[in-house]
Amino acid sequence: MGKSLPISKIRNIGIIAHIDAGKTTITERILYYTGRSYKMGEVHNGEAVMDWMPDEQERGITITSAVTTCHWEGAEIHIIDTPGHVDFTIEVERSLRVLDGAIGVFCAVGGVQPQSETVWHQADKYRVPKIAFVNKLDRAGADFFGTVRMMSDRLGANPLIMQIPVGIEDSFQGVIDLLSMKRLVWDEETLGATFRVTEIPEGLKEKAVQYQEKLIESVAEFNDQIMEAYLADAPVTDEMLVPGIRKATASLKLVPVFCGAALKNRGIQPLLDGIVDFLPSPLDVPPVEGVDPNTGQVKKPHPSDQSPLAALVFKVMMDQGRRLNYVRIYSGRLKAGDEVLSPAKQTKEKVARILAMHANKRERIDEAGVGNIVGVVGLKASVTGDTLCDPSDAIVLEPIDAYEPVISVAVEPKTHADQEKIDLALSKLEAEDPTFRVKHDDDTGQVIISGMGELHLEILVGRLKREFNTQVNVGKPHVVCKETVKHAVQATAVFEKEIGGNRHFGEVVLDLSPRERGRGNRFINNLPDESLPTDFVPAIEQGVMESLESGVLQGYPVVDVAVALVGGTHRESFSSDLAFKVAASMACKDALQKSTPVLLEPIMAAEILAPEDFMGDVIGDINARGGKVENLERRGKIQIIKAMMPLSKMFGYSTALRSATQGRGTFTIHFSHYDRALEPLKAL
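Because the structure is a prediction, the values reported are computed rather than measured.

1. Observations regarding unusual backbone geometry
Negative phi values dominate among residues other than glycine, just as trans dominates among peptide bonds. Positive phi is not limited to glycine here, since Asp233 has a value of about 60°. Following the sequence through the fold, Asp233 ends up in the loop between helix H7 (224-231) and helix H8 (238-250). The backbone phi angle of Gln346 is positive, close to 55°, even though this residue is not glycine. The residue Gln346 is located in the loop between strand E17 (339-342) and strand E18 (347-350) in this model.

2. Looking at the sheet that holds strand E13 (residues 298-299)
As summarised here, the arrangement of the 3 strands in space is E13-E12-E24, forming an open sheet in which the pairing is antiparallel. Edge positions in the sheet fall to E13 and strand E24 (396-397), since each of these pairs with one other strand and no more.

3. Here we look at the pairing of strand E11 (residues 255-259)
Of all 5 residues in E11, 5 are buried, a share of seventy percent or more. The side-chain alternation of E11 yields two buried faces, one formed by Val255, Val257 and Cys259 and the other by Pro256 and Phe258. Pairing analysis gives 3 bridges linking strand E5 (residues 130-135) to E11, with the strands arranged parallel. Pairing of Val134 across the sheet is with Cys259, part of E11. In this sheet, E11 lies alongside strand E6 (residues 159-161) in parallel orientation, the contact comprising 3 bridges. Following the sheet pairing, Leu160 is matched in E11 by Pro256.

4. Regarding the pattern of salt bridges
Per the counting criterion, the structure on display carries 24 salt bridges. Glu546 serves as the salt-bridge partner of Lys581, at 3.4 Å between the closest nitrogen and oxygen. In this pair, Lys581 is assigned in helix H13 (residues 577-594) and Glu546 in helix H12 (residues 537-547), connecting sequence segments 35 residues apart. Assessed through its relative accessible area of 25%, Lys581 is described here as partly exposed. Because the salt bridges share partners, they merge into one network encompassing Glu496, Glu498, Arg503 and Arg571.

5. Side note on helix H9 (residues 268-278)
Along H9, 9 of the 11 residues are buried, which leaves the element largely enclosed by surrounding structure. Buried within H9 are the following residues: Ile268, Gln269, Pro270, Leu271, Leu272, Gly274, Ile275, Val276 and Phe278.

6. Digging into the sheet that holds strand E10 (residues 195-198)
Across the sheet, which stays open at both edges, the 4 strands sit in the order E7-E8-E9-E10 with antiparallel pairing between neighbours. Unpaired on one side and paired on the other, strand E7 (163-166) and E10 mark the two borders of the sheet. Ignoring which end each strand starts from, the neighbouring axes of this sheet average 25° apart. Alignment of strand E8 (residues 174-177) against strand E9 (residues 182-186), held across 4 bridges, turns out to be antiparallel. The residue of E9 that forms the bridge with Gly174 is Val185. Packing of helix H6 (residues 202-220) onto the sheet brings it into contact with E7 and E8, and relative to E7 it is tilted by some 160°.

7. Details of the packing of helix H10 (residues 416-432) against helix H11 (residues 454-468)
Running from N to C, H10 and H11 cross one another at 120°; their axes reach a closest spacing of 11 Å. For the element pair H10 / H11, the angle class is oblique. Of the two elements, H10 crosses H11, and the hand of that crossing is right-handed. The segment H10 lies against H11, with Lys421, Ala425, Leu426, Lys428, Leu429 and Glu432 engaging Leu460, Arg463, Leu464 and Phe468. By residue class, the composition of the contact of H10 with H11 is 6 nonpolar, no polar and 4 charged.

What counts as what
- Going along each chain's sequence as written, the residues are numbered from 1 onward.
- pLDDT decides what is reported in this predicted model: residues at 70 or higher carry local features, side-chain atom pairs at 80 or more are listed and counted, and totals for whole chains, interfaces and linings draw on all residues regardless.
- By convention in this description, side-chain values take in all heavy atoms of the structure and omit both hydrogens and water.
- Per the convention used, a helix needs a DSSP run of H or I reaching at least four residues, while a strand needs a run of E reaching at least two, with both numbered from the N terminus.
- Being paired, for any two strands, means DSSP has found at least two bridges between them.
- Accessible area is worked out with a 1.4 Å probe on protein chains only. A residue is then buried under 20% of its type maximum, exposed over 50%, and partly exposed in between.
- One side-chain nitrogen of Lys or Arg within 4 Å of one carboxyl oxygen of Asp or Glu is enough to make a salt bridge.
- Lines fitted to C-alpha atoms define the axes, with helix axes restricted to the stretch in contact, and inter-axis angles between N-to-C directions lie between 0 and 180 degrees.
- Here, two residues are considered to be in contact whenever any of their heavy atoms come within 4.5 Å of each other.
- Here the word oblique covers every angle except those under 35 degrees (roughly parallel), over 145 (roughly antiparallel) and from 65 to 115 (roughly perpendicular).
- Crossing handedness is defined as follows: a turn of the near helix away from the far one that is anticlockwise and smaller than a right angle gives a left-handed crossing, while the clockwise case is right-handed.
- Here the term charged refers only to Asp, Glu, Lys and Arg, the term nonpolar to Ala, Val, Leu, Ile, Met, Phe, Trp, Tyr, Cys and Pro, and the term polar to all other amino acids, Gly among them.

Written as structure tokens, this is what we have:
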């Protein structure tokens, strides 16, 4: 990380996609061709540099986002390879929060798959400019133009085709670059490190000219200079097109689309050129916004090394027992030995060491400037989403959204020695992962761990055994439910008691009613004038909200209810905050009992791909599990079923689907909403 490198030459990019679209394979090729790696690691051999965790190597999937740095054409590229599996969505979310650009990878056979949509919309949420790479053009069933159409239809993107493939499936040879109007063919002997630039074959010239026209037309829509040249039939040069495409990409108007076959080493160098030419530097994106914790005013730190420090901790990792924080610097410089302020914790933190990251390898550096993503050792209190800033110029940057876990299991240590280690190990895992929760059940004495899915918890239990040498017994998965009410009721409660020689009195009348699903809880003060001193209202609200934390059916949190304070009485000198808080809690519990409480369970949105011959069996199984088919769509000989299914009925579904489709069916699920168990469906 040379100090002399201008900020305009830095690119912070992430690779996002559906599971198995080829993200890690592309990253491995980028590292090889930029000279960062001397050997190409393959995911299927468990040798990928970026998939360094033992669980990742065994399963052939990415679990944790890994950071690395490489150089290309004078630019410094920081790459985060993110997971594609829905259970690890938080890894994508926190990576996108700190990136300036992203590469969306699509499988030319599967097209735009469900998790591709999820991560693409996550990137849209943070307004991250994107380029796309259509991978696996050498596979049977590959369809480049079909995938580009799906990008428009499903993602609402505006794809700009930069290359068209020469051949497809087995006959895929290379690409035609529409800017240079040349054919690029990769050499197998050099593992794709070299490629030949040749003239476009006669049979493809007309098609290439047609797509080049479309490219110029699309860019001209957003660039007056190109539009004037185009209308005047004057030549539109690369010198005009490249800045035009870059500007339209940075403002999220266009998505340049590249193509290739990463496993066959084809198409990576033009993608690297695309990263440098079209994705923004930290100077090209709008400045990050923060708030002054003292005044509440909005601040926009200027991305320059001379500005006061503003940086965001976007990930915490336990590394050989030490806490390693991944930090993105938005302004100023971070130096080893600095004392920085963590405004969220109101504490000062000491930066002991700064590390340049390459997956799980690292190199010590003395300082880092704007746009850099580095590892920091020495921070004790800061967690994911916390800001680090100059103590004399405080700022709080927007934190990172976390997700609520939907599934839990009980874990018990196998031996007394494990008992002592388990709490420490779990607290370390909890510090790393904002979607992982640990709770001690006082009634059963068990430790309950909660996460985003079966795979998420399975990996965490595996890490307990492997990294912390802690042997545990794991209970059956248990769905995390919520409670709500069906009817509106009124309840009154009186608290009158002598405590510590003082008499306490409070009477509260509450109206409790259901709200629309997903609206959350609300407390309303509808007290008639002067019936109670307003000083007691905060205590009443606290009593109500605390009692909603555990319902009357099975102790799950109560959601989507409105509680109105409509009356109450007090006695001079006897009434107290304590009395009204307890009375409110008693009235709320009474109201919950009387209002027909019901359980809400997590409902998952499932997308199931199955050959049409097996449709009857698959839909019959969905119905039997209390699912609801929302949509059927045909893609070639495959049928795509979109359904809502209760999570409690999804355990073991992958085995059931495989046996119903002779191993040819696949599915993906993600959390949709909480609701009552779905009504059984009639056969379609």
